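The primary structure of each chain is shown beneath.
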Amino acid sequence: MEVLRCIIIEDEPIAAEIIADYVSAIPFLEYVGSFTNPMEAIHWLMKNQVDVIFLDINMPRIKGYEFITAANGNYQYIITTAYQEFAVDSYQWGVVDYLLKPVDFARFTSAVAKLKVENKQKVDQNQVTETITPLYRYFNVNKSYVKVCVNDIRYIESVREYLKISTNQQTITTKGKLSDLESEFKMLNIIRIHRSFMINLNHIGSFNHNEVWIEGQSFPIGRHYKETTITILNGMVNKV
């Protein structure tokens, strides 16, 4: 299978890291690099070849459609944005697909399945999904290391000096602090919403400004985390 070289143009470092991590999980995609300044990306593209550009459509220096015009190359674009209205408008520029932030891994695979590979034949989405290697982490449980698929984590609860990690298959208890996981797991759509809880955005069934529900279980949104949490949650809402 032909490998597609990819760059990311994104002024939010965490968002760029999430996309880069997702790209690395897809066998037919090759991560080449990221740019926070779109003008630097245009200069780089003058001397380098890529196939796919993940482009934030709403950046301070230059808008997404302005970049597409300025770059003037035969690239496949997948737009990323926190705003539904920009995402819908992006189709008029001939992009492959758009992704609403925070980007869900399943939605990401759906988007890249539309990329043209192997003599411009579309990749079957089921084939893409089956060849993805899930992200795993190992946790110390009673002096043994237990393998946990990150995508399966529903929530993580802090109980004194221990962490209770609940997944689709099991609940394990390991020694540690939420702060030890917070930075890395935020890139994997698992965010801290309370001093005692981190939750996986992909498993949320419903939410309001005070709590979220996962499979019927409610989790409070702490005052200290409310502003950031609500901003992320509102970005998931379809405003059409």
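For the structure, check the block above.
Residues numbered from 1 in each chain as written. Predicted model: local features only at pLDDT ≥ 70, side-chain atom pairs only at ≥ 80, totals over all residues. Heavy atoms only, no water.

### Digging into the overall build of the chain
Secondary structure summary: the chain contains eight helices and 17 strands in total. For the chain, the proportion of its 240 residues judged to be buried stands at 47%. As displayed, the chain has an accessible area near 12800 Å², and 47% of this comes from carbon and sulfur atoms. (Helix = DSSP H or I, 4+ residues; strand = E, 2+ residues; numbered from the N terminus. Buried < 20%, exposed > 50% of the residue type's maximum accessible area, 1.4 Å probe, protein only. Areas by Shrake-Rupley, 256 points an atom, 1.4 Å probe, with all protein chains shown as cover.)

### Focus on the pairing of strand β13 (residues 190–194)
In terms of residue burial, β13 counts as a mostly covered element, since five of its five residues are buried. Count of turn residues in the β13/strand β14 (residues 197–200) antiparallel hairpin: two residues. (Pairing = 2+ DSSP bridges.)

### Quick notes on the sheet that holds strand β12 (residues 171–175)
In any sheet, the strands associate via hydrogen bonds between backbone groups, in a parallel or an antiparallel arrangement. Taken together, the five strands give an open sheet; going across it, the order is β12-β11-β10-β14-β13, and neighbouring strands pair in antiparallel fashion. This sheet does not close on itself; its edge strands, each paired only once, are β12 and β13. Strand-to-strand twist across the sheet, computed as the mean angle between neighbouring axes with direction ignored, equals 20°. Pairing between strand β10 (residues 153–159) and strand β11 (residues 162–167): six bridges, direction antiparallel. Looking across to β11, one finds that Ile-153 is bridged to Thr-167. Together, β10, β11, β13 and β14 form the strand contacts of helix α7 (residues 178–186), whose direction differs from that of β13 by roughly 135°. (Axes fitted to C-alpha atoms, helices over the stretch in contact; angles between N-to-C directions. Contact = heavy atoms within 4.5 Å.)

### Quick look at helix α2 (residues 38–45)
Regarding α2, the residues found buried are Pro-38, Ala-41, Ile-42 and Leu-45. Along the long axis of α2, the arc covered by the buried residues comes to 100°, so they all point the same way. Of the surrounding secondary structure, the elements contacted by the buried residues of α2 are β1 (4–9), β2 (29–35), β3 (52–56) and α3 (64–71). With a side-chain oxygen positioned 2.9 Å from the backbone nitrogen of Met-39, the residue opening α2 is Asn-37. (Arc of directions from axis to C-beta. Polar contact = N/O pair within 3.5 Å; in protein donor to acceptor, adjacent residues only side chain to side chain.)

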